[in-house]
Amino acid sequence: MLKFFRKYNKWILAVGGGLLMIVFLIQPVMQMFQKDPNTVVIGTFDGGEVTRGDIMAADGQIRIVRQFGLYLDGGRGNESEDNIRWALILKDAERLGLSASLAEVEQIKLNAGRSAADVEMMASQMNATTGYINMAIRNWLIIQRYKELTAGQAHLAGVQRAALAQQSFANKDAAVLLQAMAYGNSRMSKPLIEHFIQDQGAKVMGKAVLIDAESLMDQTPKPSEEDVKTLFDEYKDALPGQGEPYGFGYRVPNRVKVEYLVIASDEAKQHVKINEADALAYHRKHPELYSAAGSQNQLKPYEQVRDQVIEDLTTEKAYALVEKMTKTAFGLLYEDTRGMDKVDDYRVIGDITKLRSMREVADKLEDEYGFRPEVVKGNSGGWVTEQELWMLPGIGQTVLADNYNVTFAEYVLSARELKPGPDNRLLPRRLQVGLAAAPMMDISRTQYIFRLTDAEPTRVPDSLDEVRTQVMQDAWRLAAYKKLLSASDTWLQEAVDGGLEAVANTADSTVLELPATSRRIQVTNGKLVIPPLPGIGQSAKFIDAFFATANSVKATGDLSNAPAEDVTGVVGVDKELALAVYRVEDYEPITQQAYQALSADIRLPVLIEMSMLSSVSVPSPISYDALVERLNYDNGSTDQQQEAEAAAGAAASPADEQNGAAETETGESTDGAS
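Residues numbered from 1 in each chain as written. Predicted model: local features only at pLDDT ≥ 70, side-chain atom pairs only at ≥ 80, totals over all residues. Heavy atoms only, no water.

Some words on the overall build of the protein chain
Note the threshold: Helix and strand assignments come from DSSP, with helices taken as H or I runs of at least 4 residues and strands as E runs of at least 2, each series counted from the N terminus. Remark: exposure states derive from per-residue accessible area (1.4 Å probe, protein chains only) relative to the maximum for the residue type, with buried under 20%, exposed over 50%, and partly exposed in between. Contacts are assigned to residue pairs with any non-hydrogen atoms lying within 4.5 Å of each other.
Along the protein chain, the regular secondary structure elements total 23 helices and 17 strands. Residue burial in the protein chain is summarised as follows: out of 674 residues, 45% are buried. Looking at the protein chain alone, contacts between residues at least 24 apart form 71% of all its contacts between residues at least 6 apart.

Given below as structure tokens:
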């Protein structure tokens, strides 16, 4: 055998080397002929194609801009179609030559309160670069240009558009306003505009005494069984506080039982250790945080800012620790349900008491990370109604950690057991009893993991007997209120003769000071609402009567010299089941300066329409259906929705979309910081 190898060793080496070369070369050659999955075409349109890579890029960019309070279209349609719309719009916008400047991008980051350090941290957390983040914001601006062009709306600077979008991101109702601004409104008449501005600008102040119907209940016979049944039948399908005009309601609201872990950022700070080397490195890495005022280059000596550096680094590491613990907690809770059967994409969970308890998870986290999260049972383990969700300690004021646009209450109400509608935008989250929910976060970046242990959808009471005590009390108070209203003239005369103080003494009540108020006030979503008044609340009947009296006196003479009967009035406050006796003491008409400021508001026409409860019916020109029709989009023979969702799910991080890119659209290197 040895002789054989000695004789033919050269041939053996040559043949063996050749085989090795083939093995090493064949794999890259085969890969060269394999199709890049990102280039798979999932749809075509006039002038181009949409690929799987386009959808992945769109999904990553949408996730980035949402962190700045921006989203697509200023409204909430089918979010599962947003990535397709984003990709289509950008491709058509490129054909139209639309662009946006880096200066606008920087201004949007500034308006959103995001420093360069914040953006760098965000980039690190999302496995992206600051240049890619800038590109995502710039693409959002280009989409706004496209929307302006297709809607025929007046151009707004990117910063103005972003400010409105950020406002609507924080308040879901404000999205309606932004959409209305984008797609036009009716012509406004001058008298209508003046009336609208007058409602907000003119102010009246005075005093009132509230006489509660309860004070007459001992003089009012108990309601009959027929009266009680009639009231129940009228309000059995209304939620408490929502039945008009008295606020009665006997429908059982949505309710849940919930438990949650609290992983507190302040607690995490107590368990973070900072060494000098890390602090020095952090100081050098963030010169913009520790430079002399007005200078990015004049870095303050470390010794001068040491305490601040350590505090900043402690905060950053604490946030990272909270994030890590949250992921571990979620993984532990989710592990119990992994592999369970599914029906309609929901897990089939049997006995939830056999799932790992929150206390077991807290024990595990304490062992691994050194401090124990708090375990809370909402309402001590009892039912929590949908109206009470926001009042739960800590978690009630949170938003989804991965989508600041979703509040805790909204997320809970998407649970399968509460039977949300098919258009509920959170259905893809597949929240259900027994399954760990996605992490929530509050303003301090404390994170929460919650789990519903039970849930019941809203329902009409099974019978009158289920709510009889409440209905009986309401019927009795209502009868006393009607008796009180019948005595309105008597109370008014007493106020004219002896003043509100005399009325208060007789009714065993107090005189309320009513501050200067307008007829309507504007809230963050652009709508006009009745101003709340001390002791009276929001009563259209009271505020309209209050202003009618003031306007009547002002039209005939000086308010300060008017006789008592002219400035005094009485009106029922239905929601309070009380009679209000009031006196107008001052009237402030709108000033010219205030009128000019209100009339110059670019949102004025839409605000007027919304105040009249008219709906914006003009469809969005960048809705999915509108884009499909305008661009002749065709998903071919594939199921476009499944392809898009698969592409989005395959997008592990924004960084994956940047591979191979030498430079972003903002002109920055993708492997460098802005």
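Still more ground to cover, so stick around.
Let's talk about the pattern of salt bridges
Note the threshold: Put simply, a salt bridge is a Lys or Arg side-chain nitrogen that is within 4 Å of an Asp or Glu carboxyl oxygen.
Under the counting rule described, the total for this entry stands at 33 salt bridges. Where Arg255 meets Glu456, a salt bridge forms, and the shortest distance between an N and an O atom there is 2.9 Å. Here Glu456 lies in strand β12 (residues 447–456) and Arg255 lies in strand β4 (residues 255–263), a separation of 201 residues in the sequence. Two residues, Glu259 and Lys377, come together in a salt bridge whose shortest N-O distance is 3.0 Å. Of the two residues, Glu259 is situated in strand β4 and Lys377 in strand β7 (residues 374–377); the sequence distance between them amounts to 118 residues. For Glu259, a relative accessible area of 8% puts it in the buried group.

Side note on unusual backbone geometry
For the bond from Glu244 to Pro245, the omega torsion is 0°, close enough to zero to count as cis. As for its position among the elements, Pro245 is in the loop between α10 (225–235) and β4. Phi at Asn632 takes a positive value of approximately 55°, unusual for a residue other than glycine. In this structure, Asn632 sits in the loop between α22 (624–631) and α23 (640–650). A relative accessible area of 45% means that Asn632 is categorised as partly exposed.

Some details on the nonpolar core
How we decide: Think of a nonpolar core as a cluster: buried Ala, Val, Leu, Ile, Met, Phe, Trp, Tyr and Cys residues, connected wherever their side-chain atoms sit within 4.5 Å.
With 42 residues, the main nonpolar core has Val50, Phe68, Trp86, Leu88, Ile133 and Tyr633 as its most contacted residues. At the level of elements, β1 (41–45), α2 (52–66), α3 (82–96), α4 (102–111), α5 (116–125), α6 (130–151) and α22 are the ones that each hand at least two residues to this core. By residue number, the principal contributor to this core is α6, which donates ten residues. Apart from residues lying up to four places away in sequence, Leu88 is in contact with Phe45, Val50, Leu627, Leu631 and Tyr633. Of all hydrophobic cores here, the second largest spans 30 residues; its members include Tyr250, Val471, Ala475 and Leu484.

Things to note about the sheet that holds strand β13 (residues 511–517)
Our working definition: Here, strands pair whenever DSSP counts at least two bridges between them. Lines are fitted to the C-alpha atoms to define the axes, a helix being fitted only along its stretch in contact, and any angle between axes, read from their N-to-C directions, falls within 0 to 180 degrees.
The strand order across the open sheet formed by four strands is β13-β3-β17-β16, and the pairing between neighbours is antiparallel. Where the open sheet ends on each side, the last strands, each with one partner, are β13 and β16 (568–573). The average undirected angle you get between the axes of adjacent strands in this sheet is 30°. In the packing of helix α16 (residues 468–485) onto the sheet, contacts are made with β3 (203–212), β16 and β17 (578–588), and the angle to β17 comes to roughly 50°. Seen against the sheet, helix α18 (residues 540–556) touches β3, β13, β16 and β17 and runs at an angle of roughly 40° to β17.

Looking at the packing of aromatic side chains
In plain terms, the rule: What counts as a ring pair is set by centres within 6.5 Å for rings of Phe, Tyr and Trp (its six-membered ring), and what kind of pair is set by the plane angle: stacked under 30 degrees, edge-to-face over 60, tilted for all other angles. As a reminder, the over-ring test applies to NZ of lysine and CZ of arginine, requiring each to be within 6 Å of the ring centre and within 35 degrees of the ring normal.
A complete count under the given rule lists eleven aromatic pairs for this structure. Ring geometry for Tyr246 and Tyr481: centres 6.3 Å apart, planes at 80°, overall edge-to-face. Of this pair, Tyr246 sits in the loop between α10 and β4 while Tyr481 sits in helix α16, and the two are 235 residues apart along the sequence. Relative to Tyr448, the ring of Tyr260 has its centre 6.3 Å away and its plane inclined at 55°; by these criteria the two rings are tilted. Here Tyr260, found in strand β4, pairs with Tyr448, found in strand β12; they are 188 residues apart in sequence, far enough to count as distant. Taken together, Tyr235, Tyr246, Phe248 and Tyr481 form an aromatic cluster joined through their ring pairs. Over the ring of Trp383 we find Lys257, and its NZ or CZ is 4.9 Å from the ring centre.

Side note on the environment of Met441
Note on placement: Met441 falls in strand β11 (residues 440–441). If we ignore the near neighbours within four places in the chain, the residues touching Met441 are Thr398, Val399, Ala401, Tyr404, Thr446 and Gln447.

What about the pairing of β4?
Of all nine residues that make up β4, seven are buried, and the element is covered over most of its length. The sheet contact formed by β4 and strand β8 (residues 384–385) spans two bridges and is antiparallel. Counterpart to Arg255 in the pairing with β8 is Thr385. The pairing of β4 with β12 spans nine bridges and is classified as antiparallel. Pairing of Glu259 across the sheet is with Arg451, part of β12. Looking at chain direction, β4 and β7 are connected through four bridges and run antiparallel. Bridge assignment links Glu259 to a residue of β7, and that residue is Lys377.

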